[in-house]
Every structure is written in structure tokens, then in C-alpha cells.
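Inside the fold
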Amino acid sequence: GIFIKAGDNWTVDNYGTIYGKAAKAIKIMGGDDNKITNQSGAFIKTDGANGILISGTDSDDGENTIIENYGTINADRSTIKAGDYSSGTTITNYSGGIIKATKTNLSHAAVQIDGDNTTITNKGTISAAGLLMHSIEISDDVTGTKIYVDGAPTFTGEIDLNNAAANTTMYLGCNMTQDTTIEI
């Protein structure tokens with residue numbers, strides 16, 4: 001896997017496979033304005049939690065990271081996690097892109113949001129497995145989340161807003177090309 005602990009403006013442009021055996025194929029812990037692009041046919045995966053984890057600390061947050069997915073990102077849970085101190089994360093899952101959580105016990109999300117002001121756009125597939133599956137889960141007290149749905153999106157599992165519902169906005173695009181069911 002890849003671990004970035006310091007510095008700003010890092011770019012990861014994946015055309016192959018980035019694999020984290022136990023967890024965290026890509027972990028960015030601090031630093032602002034980083035960008036991860038997973039190209040069509042490429043894989044970011046782990047057998048554990050977090051295909052991609054963005055986080056930080058009080059003194060070195062991980063703001064304004066951009067994640068663009070055209071390929072496949074999978075983990076057993078929290079496949080993409082915008083953790084604490086990750087304000088301003090932008091996640092775009094393009095047509096043909098797959099973000100998948102595979103763990104089947106308990107409650108797990110494919111996209112886990114713990115940081116404020118996150119923007120998620122889904123034109124592909126976001127799926128979770130398990131008893132109480134969440135395609136997207138917004139943690140308690142998170143503010144400023146925006147979720148855009150456009151193209152031919154698929155969601156497997158509910159979008160769980162917890163108590164952040166009043167602070168989350170969903171947008172349905174004008175270019176929807178299929179019927180889409182979204183459970184909130």
C-alpha cells in the first residue's frame with residue numbers, strides 16, 4: 001500500500017493494482033490538496049478496512065483531498081473513509097466505477113464520512129454487503145455533506161445520515177439514464 005504522512009499536493013494516478021494486505025491500500029494522514037485517481041480497469045483494494053483512508057490531526061489535517069474513481073475500489077468495510085480532520089474531501093465515482101464493501105456481518109459502509117464539508121458524486125456503483133448495509137454512512141454531527149446522483153448510478157444499501165440529516169443535501173441530476181432506488 002501507500003502511506004502519505006506529510007506534505008501537500010500529492011498525486012496518486014493508478015493504472016494497475018494498489019493492494020494493502022491487512023488494511024489501508026492508500027492512507028493519507030495529513031497534508032492538504034492531495035489527489036487520487038483510480039483509472040478504468042485499475043484496482044485499489046485491501047482484505048481489511050479502508051481501501052482509501054483520509055485523516056489528519058489538529059495540527060496537520062487532511063483537507064481538500066480529491067478522489068476520482070473510474071475503476072474498482074474494494075475493502076471489507078469503510079472502503080473509502082473520510083476520517084476526522086478531513087474537511088473538504090471530494091469523492092467522484094464515475095460511470096463504470098465500483099466502490100464496494102464486502103463484509104457481511106454487522107453494519108458496515110462502502111463510503112464512511114466522518115469529516116465535514118464532503119462532496120460525493122455517484123454515477124457508478126456504490127455497494128455494501130451485510131445485515132445493515134450502508135452504501136454511504138454520514139457520522140453523527142458531520143456538517144456540510146453534499147451527495148450528487150447522476151448518470152446511471154446504483155446504490156446497494158441505504159444512505160445512512162444518522163443525526164446529520166439536517167446538515168446533508170442530496171441532489172438528483174438532470175442526466176439520469178435509468179431508474180434508481182435510493183433508500184435513506
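Notes on the structure follow. (Residues numbered from 1 in each chain as written. Predicted model: local features only at pLDDT ≥ 70, side-chain atom pairs only at ≥ 80, totals over all residues. Heavy atoms only, no water.)

Let's talk about the nonpolar core
This is how the line gets drawn: Here the nonpolar core consists of buried residues drawn from Ala, Val, Leu, Ile, Met, Phe, Trp, Tyr and Cys, with membership extended through side-chain atoms lying within 4.5 Å. Three exposure classes are used, based on accessible area relative to the maximum for each residue type with a 1.4 Å probe and protein chains only: buried under 20%, partly exposed in between, and exposed over 50%. Here a strand is any run of E in DSSP of at least two residues, a helix any run of H or I of at least four, and the numbering for each starts at the N terminus. Here, residues are in contact when the closest pair of their heavy atoms is within 4.5 Å.
Judged by nonpolar contacts, the single largest core of 32 residues is most densely connected at Ile36, Ile52 and Ile136. For this core, the elements supplying multiple residues, two or more each, are β4 (26–29), β7 (52–55), β10 (80–82), β12 (98–101), β13 (109–113), β16 (134–138) and β17 (145–149). In this structure Ile136 touches Val111, Ile120, Ile126, Ile147, Phe155, Glu158, Ile159 and Asp160, once residues within four positions along its chain are discounted.

Structural notes on unusual backbone geometry
The backbone phi angle of Asn9 is positive, close to 60°, even though this residue is not glycine. Along the polypeptide, Asn9 turns up in the loop between β1 (2–4) and β2 (11–14). Phi is positive for Asn162, which is not a glycine, with a value near 50°. Tracing the sequence through the fold places Asn162 in the loop between β19 (158–160) and β20 (168–172). For Asn162, a relative accessible area of 38% translates into the label partly exposed.

Section: the sheet that holds strand β15 (residues 125–127)
Stated formally: By the convention used here, strands pair only if DSSP detects at least 2 bridges between them. To obtain an axis, a line is fitted to C-alpha atoms, over the contacting stretch when the element is a helix, and the angle between two such axes runs from 0 to 180 degrees between their N-to-C directions.
Taking strand neighbours across the sheet as the criterion, the six strands line up as β3-β6-β9-β12-β15-β18 in an open arrangement whose pairing is parallel. Every other strand in the sheet has two partners, leaving β3 (17–20) and β18 (154–156) as the edge strands with one partner each. Each strand axis lies, on average, 5° off the axis of its neighbour in the sheet, ignoring direction. In terms of strand pairing, β3 meets strand β6 (residues 43–46) through four bridges, oriented parallel. Of the residues in β6, the one forming a bridge with Gly20 is Thr46.

Structural notes on the sheet that holds β1
Here seven strands make up an open sheet; going across it, the order is β1-β4-β7-β10-β13-β16-β19 and the pairing parallel. A single partner strand is all that each edge strand has here, and the edge strands are β1 and β19. Each neighbouring strand pair of the sheet contributes to a mean axis angle of 10°, computed without reference to strand direction. Here β4 pairs with β7 via four bridges, running parallel. When the sheet's bridge partners are listed, Ile28 is paired in β7 with Ile54.

Section: the environment of Tyr15
Positionally, Tyr15 belongs in the loop between β2 and β3. Counting along the chain gives 76 residues from Tyr15 to Ile91, while the straight-line C-alpha distance between them is 18 Å. Dropping the residues within four chain positions of it, Tyr15 is found in contact with Gln39 and Ala42.

As for the environment of Arg77
Counting through the fold element by element, Arg77 comes out in the loop between β9 (72–75) and β10. Taking the C-alpha atoms as reference points, Arg77 and Ser127, 50 residues apart in sequence, are found 11 Å from one another.

Quick word on the environment of Lys103
Within the secondary structure layout, Lys103 lies in the loop between β12 and β13. Taking relative accessible area as the criterion, Lys103 reaches 26% and is therefore assigned partly exposed. With residues up to four places along the chain from it excluded, the contact list for Lys103 reads Asp76, Arg77, His108, Ala129 and Gly130.

Observations regarding the pairing of strand β5 (residues 35–38)
Pairing of β2 with β5, which is carried by four bridges, proceeds in the parallel orientation. Note on β5: the bridge partner recorded for Asn14 is Asn38. Relative to strand β8 (residues 66–69), β5 runs parallel, the two sharing four bridges. Paired with Thr37 across the bridge in β8 is Glu68.

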